Amino acid sequence: MEEQIKDKDNETSLLKMELMGISRRSFLKFCAATAVMLGLESSYGPIFAEAATEAIKKKPVIWLQGQGCTGCSTSLLSSLNPGPAEILLDMISMRFNTTIMGSTGHVSAGVLEETFKEGNYLVVIEGSIPTADPRYCIVEGKGFEELVLEAAKNAEAVVAVGTCAAYGGLPKAAGITGAVGVSEIVKDKPVVNIPGCPMNPSWLMGTLLYYLSFQELPALDNIGRPLAYYGNNNIHETCPRVNYFQKGQFLTDWNDPATANWCLLLVGCKGPITNADCNRNWWNDGVNSCIRSGAPCAGCVQPQFYEGVAPLYAPLFVPEGGVVPTQPETTAGGGGLDVKSVILGVALAASPVVANKVVNSLKERKGEVKHG
Ligand code: SF4
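What counts, and at which threshold
Residues numbered from 1 in each chain as written. Predicted model: local features only at pLDDT ≥ 70, side-chain atom pairs only at ≥ 80, totals over all residues. Heavy atoms only, no water. Helix = DSSP H or I, 4+ residues; strand = E, 2+ residues; numbered from the N terminus. Buried < 20%, exposed > 50% of the residue type's maximum accessible area, 1.4 Å probe, protein only. Areas by Shrake-Rupley, 256 points an atom, 1.4 Å probe, with all protein chains shown as cover. Expected span 1.5 Å × (residues − 1). Arc of directions from axis to C-beta. Contact = heavy atoms within 4.5 Å. Disulfide = S-S within 2.5 Å. Near = heavy atom within 4 Å. Nonpolar A, V, L, I, M, F, W, Y, C, P; charged D, E, K, R; others polar. pLDDT = per-residue confidence, 0-100.

This next bit is on the overall build of the protein chain. Tallying secondary structure elements over the protein chain gives 14 helices and seven strands in all. Across the 372 residues in the protein chain, those meeting the buried criterion constitute 53%. For the protein chain, the exposed surface amounts to about 16,800 Å²; the carbon and sulfur share of it is 53%.

The subject of this paragraph is helix 6 (residues 105-118). Across its 14 residues, helix 6 extends 20 Å between first and last C-alpha, which sits within 8% of the 20 Å expected from 1.5 Å per residue. The complete set of buried residues in helix 6 reads S108, L112, T115 and F116. Buried residues in helix 6, looked at end-on, bunch into an arc of 105°, giving them a common side. Facing away from the buried side of helix 6 by over 90 degrees, the exposed positions are H106 and K117. Looking at the packing, one finds that the buried side of helix 6 touches strand 1 (60-65), strand 2 (93-97), strand 3 (121-126) and helix 7 (144-153). G119 sits one or two residues past helix 6 and shows a positive phi near 75°.

Attention now moves to the state of the cysteines. In the structure shown here, the tally under the stated rule is zero disulfides. Just so you know, C297 is unpaired, no disulfide at all, and the nearest cysteine sulfur is the one on C269, 5.2 Å from it.

Our next topic: the site of the ligand. Around the ligand, the neighbouring residues are H236, C239, R241, V242, F245, C263, L264, L265, C269, G271, P272 and I291. Each residue belonging to the shell around the ligand can be placed in one class, and the counts come to nine nonpolar, two polar and one charged.

For the rest of this paragraph, the subject is helix 7. Among all positions of helix 7, only F144, L147, V148, A151 and A152 are buried. Along the axis of helix 7, the buried residues cluster in a sector spanning 130°; they form a single face. For helix 7, the elements touching its buried residues are strand 1, helix 6, strand 3, strand 4 (138-139), strand 5 (142-143) and strand 6 (155-161).

Turning next to the environment of F245. Among the secondary structure elements, F245 is positioned in helix 11 (residues 242-247). When the C-alpha positions of F245 and W262 are compared, they lie 7.4 Å apart, and in sequence the two are 17 residues distant.

Predicted confidence across the protein chain gives a mean pLDDT of 79, with 70% of residues reaching 70 or more. Across residues 318-337 the pLDDT falls below 50, and counting only partners more than four positions away or on other chains, this stretch makes 46 contacts in the model.

So this is what it looks like as structure tokens:
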């Protein structure tokens, strides 16, 4: 009998999705694809679907925004098929999100307090946390750091979305507000980082589906990101332009159509130091990625973004004397990579000819490049 009720509830939820324009087929397909992305068998798809239609809808989620541009909310709400927007707005119990909720003032504050008291919710943080002075970011009448700690107290887990929430991001680069990421503040709860400027919504949906299906966070890399989406996916190694890199063909003139598909290293590509699945799991519902559309990778998912990768359209280093190290560092892992060694390392891995070509091109450009 219990099984029948469960099946009926599932059917009702799937019917509801169909009414929202999400076909049962595309939703199940999304769940199966998400399972595969997370390193599981596609047969886990129905388990994820069940989590989405039953567990998620009962799990309260609080979404707090600190120092950020709302880009991650926008990324999520712009996604399609099946729309994480529809799922987040209509299927989970999103209790608080200042971008999408209609209520304000004491009504929204009351919802927040009530949820804190109930406990067993998930907290999503977007934007960084100022530590220099609470007045830099006041949310619901409190300094954001105080609010984040209060929210984390009775939460099951905290999800930091976007590079600002994960590592400080752009506000940290400005160096004024003492901006830090969530894991520098929240020490006693599981924290998962979903960086990106903005994050890809499927990274968040997959992580939520995994958590709600197995009541634990997926495997993380050494800087707190789901391994399946970040740690094992080096942008350079999966790049559609890597053949040009290996042949030593580098775009240097944006106006030359003959070289439009060549490697973007010399115009600032940070792919060799960046780990994310952008070249496998394309953006905008599988339409494109930065590099495929002609823009160099900005390294936006890395902890050193923005300060450590600026300027975006300039190569990260210009070697002194053109000396190529013989023992370059590996690109494995994710955080704290030595940019100079890695870029030379990947060049050497291609061939000494390519390495020398990269070094010579960078030396030629030395006079043109100003590092901020
Ligand atoms: Fe692709 Fe950038 Fe590597 Fe060139 S340097 S192959 S554009 S990731």
